[in-house]
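# Examining the three-dimensional arrangement
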Amino acid sequence: MTIATDLQLGWIGLGNMGSAMASNLQNYLHAQGQLPLRFWNRTASKGEVVTSLGGIQCDSIADVVRDSTIIFLSTSNDEALEIIIGEIIATGNLTDKIIVDTTTVHPDTSKAVSAKLVRENAFLVSGPVFGSAPMAAERKILMVAAGARCTIHRISPYIKGVIARDMLEVADEPQKASLLKIIGNFVVSGLTEIIGEAHVFAEKSELGTEVVEKLLEAQFGPLPTMISKRLTQGVYMPPKGTSPWSNLDLALKDADHALECAVAVGTRLPVGEVVLENLKRAKVFSQEQDRQLDSAASYGIIRCDAGLDFDNESVKKRDA
């Protein structure tokens, strides 16, 4: 595919995931001799990494949107997305611009945002990603994308092998990618619950967690093994004062979205209900301890319910 060297790309939002993806995109643009990435983040200091790679930091969202044809968004939740979209629309003259939203939001939010952009003759590609910030840094995340086929065709050179290992095209309606991402997150959270319970079962039985992790790797594959390591290596409870791979608040938001979407179509997610309750209890623990927790922090609650400490031996050794 021929890539236009004069095509301007923009980026809005540099959280842990956004910073990793934007950095990889800027590296690619530089290597291809394309125009440098124009970007904006509310906290300007977070843009230093992308600037050091040759990206151009803008003073406002309007500055990014005015000069860019394709604008990537990476924000925290539905409310933040709606605010940013409002600021984008306020800039005016959005004809033929493509907004690629990598945030995990409710399908209704994607649908509403898409409708607003269509009225401005612009397009939304909903492109939420699977994976953690470390995976994003290594381009190992997966994007699921939905939107008009012509827009997905235009963004595809900047996805596979650039900010993600691959891109799965879902449908023409942007909300379908958001729904698939929510279903995928439900699967991950359910596996985290089951694997957490299995480790506690093994620990209480004096079998030990190491052999369970070996079983997961030998019999069930890389995803359960990766989830297991987040638990056994203490990632679920990062050191006090440090940011988690994926914040507990995001897991709470995603679990809420999954249960709400299930009810809307006339079904239930009993496992999801257990997950949400444990995540809520983990949030209380997080507030009591005044420390951020990872989205896998339900493992600590499972441990407490079995009479174990919230922090496992890996956490205790690391923090000591």
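Read on for a plain summary of the structure. Every chain begins its residue count from 1, and numbering advances along the sequence as written. Reporting of local features is limited, given that this is a predicted model, to residues whose pLDDT is at least 70; pairs of side-chain atoms are given and counted only at 80 or more, and all residues count toward the totals for whole chains, interfaces and linings. Where side-chain values are given, they derive from all heavy atoms of the structure, hydrogens and water being excluded.

Quick look at the overall build of the protein chain now. Assigned secondary structure in the protein chain consists of 14 helices and 9 strands. Scaling as 2.2 N^0.38, a compact globule of 320 residues should have a C-alpha radius of gyration of about 20 Å, and the protein chain matches this with 20 Å. Each of the three principal axes of the protein chain carries a C-alpha extent, and together these read 65 × 45 × 40 Å. Buried, partly exposed and exposed residues are distinguished by accessible area as a fraction of the type maximum, computed with a 1.4 Å probe on protein chains only: under 20%, between the cut-offs, and over 50%, respectively. Split into buried and exposed, the 320 residues of the protein chain put 50% on the buried side. Whether two residues touch is decided by their heavy atoms; if any such pair falls within 4.5 Å, the residues are in contact. Contacts in the protein chain between residues far apart in sequence, at least 24 positions, make up 71% of those at least 6 positions apart. For helices the rule is a DSSP run of H or I covering at least 4 residues; for strands it is a run of E covering at least 2, with both sets numbered from the N terminus onward. We take the radius of gyration over the C-alpha atoms and set the globule estimate at 2.2 Å times the residue count to the 0.38 power.

The span one expects for a helix is its residue count, reduced by one, times 1.5 Å. Between its first and last C-alpha, helix α8 (residues 174–204) extends 46 Å over 31 residues, near the 45 Å set by a 1.5 Å rise per residue. Directly after α8, the chain includes Glu-206, whose backbone phi takes a positive value near 65°.

A few words on the side chain of Glu-213. Relative to the assigned elements, Glu-213 resides in helix α9 (residues 209–220). Non-local contacts of Glu-213, meaning those with residues more than four positions away in its chain, are made with His-199, Ser-228, Lys-229 and Thr-232.

Axis angle and axis distance: for two packed helices, these are the angle between their axes and the distance between the axes, and together they describe the pair. Closest axis-to-axis distance for the α8/helix α11 (residues 248–264) pair is 9 Å, and the angle between their directions is 110°. Looking at the two axes, α8 sits roughly perpendicular to α11. Read as a crossing pair, α8 and α11 show a hand that is left-handed. For the pair formed by α8 and α11, the contact residues are Leu-179, Ile-182, Asn-185 and Phe-186 on the first element and Asp-254, His-257, Ala-258 and Cys-261 on the second. Note on definitions: angles span 0 to 180 degrees between N-to-C directions of axes, and those axes are lines fitted to C-alpha atoms, for helices only across the stretch in contact. For this classification, under 35 degrees means roughly parallel, over 145 means roughly antiparallel, 65 to 115 means roughly perpendicular, and everything else is oblique. Throughout, a crossing is termed right-handed when the near helix is turned clockwise from the far one, and left-handed when it is turned anticlockwise from it by less than a right angle.

Next up on the list: the packing of aromatic side chains. Centre distance within 6.5 Å is the pairing criterion for rings of Phe, Tyr and Trp, where only the six-membered ring of Trp is used; planes under 30 degrees apart are then read as stacked, over 60 as edge-to-face, and the remainder as tilted. The final tally for this structure, using the stated rule, is 5 aromatic pairs. Aromatic side chains Tyr-28 and Tyr-158 sit 6.2 Å apart centroid to centroid with 85° between the ring planes, which places their arrangement in the edge-to-face category. Highlighted residues: Tyr-28 in helix α1 (residues 16–31) and Tyr-158 in the loop between α7 (149–155) and β9 (166–169), separated in sequence by 130 residues. Of the two residues examined, Tyr-28 and Tyr-158, each falls in the buried class. An angle of 80° between the planes, with centres 5.0 Å apart, marks the rings of Tyr-236 and Tyr-299 as edge-to-face. With Tyr-236 in the loop between α10 (222–232) and α11 and Tyr-299 in helix α13 (residues 298–305), the pair connects residues that are 63 residues apart, well separated along the chain. Residue classification places Tyr-236 among the buried residues on the basis of a relative accessible area of 0%.

Purely spatial values, then, with no claim about function.
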